[in-house]
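Residue-level listing of the chains:
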Amino acid sequence: MSGKEVSSFIREEIRKEVGTLAFSPCLAVVLVGDNPASISYVESKKKACEELGFSHRDIELDKDTSQERLLEIIDELDNDDEVDGILVQLPLPRHIDTDMVIRAISPEKDVDGFTPVNMGNLVLGQECFIPCTPKGILALLDYYRISTDGKKVVVVGRSNIVGKPISNLLMQRDRNATVTVCNTHTKDLRAECLQADILIAACGQSEAIGADMVKDGAVVVDVGINRIDDPTRERGWRIVGDCNYAELKDKVHAITPVPGGVGPMTITMLMENTLIAARKRRRG
Ligand code: NDP
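All values derive from a computational prediction rather than experimental measurement.

J.: Help me understand the domain arrangement of the chain, please; the structure alone is not making it clear to me.
T.: Much of the literature gives interface size as the accessible area that the parts lose upon coming together. For the chain, the domain assignment lists domain 1 (22-108) and domain 2 (132-263). Distance between the C-alpha centres of domain 1 and domain 2: 28 Å.

J.: Whenever I open this one, the environment of Glu127 confuses me. Can you help?
T.: One can find Glu127 in the loop between α5 (116-124) and α6 (132-143). Separated by 42 residues in sequence, Glu127 and Gly85 place their C-alpha atoms 17 Å apart. When neighbours within four sequence positions are excluded, Glu127 is seen to be in contact with Asn121 and Lys280. Among the polar contacts listed, one links the side chain of Glu127 to the side chain of Lys280, at a separation of 2.8 Å.

J.: In this structure, what is going on with the nonpolar core? I would like to understand it.
T.: General note: in soluble globular proteins, nonpolar side chains tend to be found buried as a group. Counting residues in hydrophobic clusters, the biggest one holds 47 residues, and the most contacted among them are Ile200 and Met271. Sorting elements by how many residues they give to this core places helix α10 (residues 262-283) first, with 8 residues. Three or more residues apiece are contributed to this core by two domains, here domain 1 (22-108) and domain 2 (132-263). Aside from chain neighbours lying at most four places away, what touches Ile200 is Ile137, Val153, Val154, Val155, Val156, Ile166, Leu170, Val221 and Val223.

J.: Help me understand the pattern of salt bridges, please; the structure alone is not making it clear to me.
T.: Opposite charge on two side chains permits them to pair, given that their charged atoms come into close proximity. The tally for this structure, following the rule as stated, stands at 22 salt bridges. As a salt-bridge pair, Arg281 and Asp81 come within 3.5 Å of each other at their nearest N and O atoms. In this pair, Arg281 sits in helix α10 while Asp81 sits in the loop between α3 (67-78) and β3 (85-88), placing the two residues 200 residues apart along the sequence. Take Asp81: its relative accessible area is 60%, and that puts it in the exposed class. In this structure, the salt-bridge partner of Lys135 is Glu272, at a minimum N-O distance of 3.4 Å. Here Lys135 is found in helix α6, whereas its partner Glu272 is found in helix α10, with 137 residues between them in sequence. A residue is classified by how much of its surface remains accessible, and Glu272, at 22% relative accessible area, is partly exposed. Through salt bridges with shared partners, a single ionic network connects Glu43, Lys46, Asp58 and Glu60.

J.: It is not clear to me how the sheet that holds strand β2 (residues 55-61) should be interpreted in this structure. Could you clarify?
T.: Paired through their backbone hydrogen bonds, the strands of a sheet run either parallel or antiparallel. With parallel pairing, 3 strands are arranged side by side in an open sheet as β2-β1-β3. The sheet is open, and its two borders are formed by β2 and β3, each paired with just one other strand. Strand-to-strand twist in this sheet, taken as the mean axis angle between neighbours without regard to direction, amounts to 15°. Here 7 bridges tie strand β1 (residues 26-32) to β2, and the two strands are oriented parallel to one another. Residue pairing in the sheet places Val29 in a bridge with Asp58 of β2. Helix α2 (residues 36-52) rests against β1, β2 and β3 of the sheet, and its axis sits at about 160° to β2. Sheet strands in contact with α3 are β1, β2 and β3, and its direction is about 170° off that of β2.

Definitions and limits used
Residues numbered from 1 in each chain as written. Predicted model: local features only at pLDDT ≥ 70, side-chain atom pairs only at ≥ 80, totals over all residues. Heavy atoms only, no water. Domains from an automatic or database assignment. Helix = DSSP H or I, 4+ residues; strand = E, 2+ residues; numbered from the N terminus. Contact = heavy atoms within 4.5 Å. Polar contact = N/O pair within 3.5 Å; in protein donor to acceptor, adjacent residues only side chain to side chain. Core = buried A, V, L, I, M, F, W, Y, C linked by side-chain atoms within 4.5 Å. Buried < 20%, exposed > 50% of the residue type's maximum accessible area, 1.4 Å probe, protein only. Salt bridge = Lys/Arg side-chain N within 4 Å of Asp/Glu carboxyl O. Pairing = 2+ DSSP bridges. Axes fitted to C-alpha atoms, helices over the stretch in contact; angles between N-to-C directions.

Here's what the structure looks like:
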């Protein structure tokens, strides 16, 4: 399942739609500090904005920026009529209370879907901004016509940004999966994973899920993005997923590669959420 392919298909639809609008949807991207992975994610998000005809507002703050100042900036963006969506790149430096910062974003501009209002509505099955990675996983499954109805889904990981929302989405009435959510206290991870018709790996452990943990013909969605040393590469590292792709690819019905799987979908869904936010806000 190629996230690159699905992503470029959806991006084309978004680009076409933006071309018909009288305004450019505007995404504010807030980066605090100089974490290299965060810088690279933020760059990809800005690039996607430019490709799709969105405008973007870039707020780059020193790593020592106070929480108070960050909250002030979010308040300004929240009250700025030109801004449709606000994205605060995580993780934030340790001296900042991430939950408080997320709560400061109004739900209408929370295109990451992380505020309690959007998360609450997601669990209730009501209209909300769905967090981008889970939304991207659903879009991938839909594109490849993989039904989750009546399927046994095992999610490895229970984070607020991936594990919790995807497991909630899949158990709802429109998806009808039977979902098991694993964490580091799970007694026998291998036995749980072997039950899965669809396995969603989001544990942040390099290639931890191998052929002995996946049943023949399963569908595997690998969310992991892990950097490992690789002296054969000029830059000295490469990215791998949470699954051992080489071991799994001939055993499963379908699998997402890393890179080129869930990653591109996440950014595309951010663009889709920003477009939705812009349409809703500017309608009135
Ligand atoms: P977190 O570190 O927040 O959460 C990891 C989860 O996995 C935790 O719930 C943890 O359990 C669980 N876990 C870790 N090790 C094991 C294990 N051996 N057995 C069972 N459960 C385990 O990670 P995220 O959810 O933020 O991200 C997960 C991965 O996905 C990372 O590699 C991240 O880089 C990637 N990612 C990729 C995105 C994309 O766009 N493709 C977007 C977001 C993340 P416990 O709660 O007990 O600690």
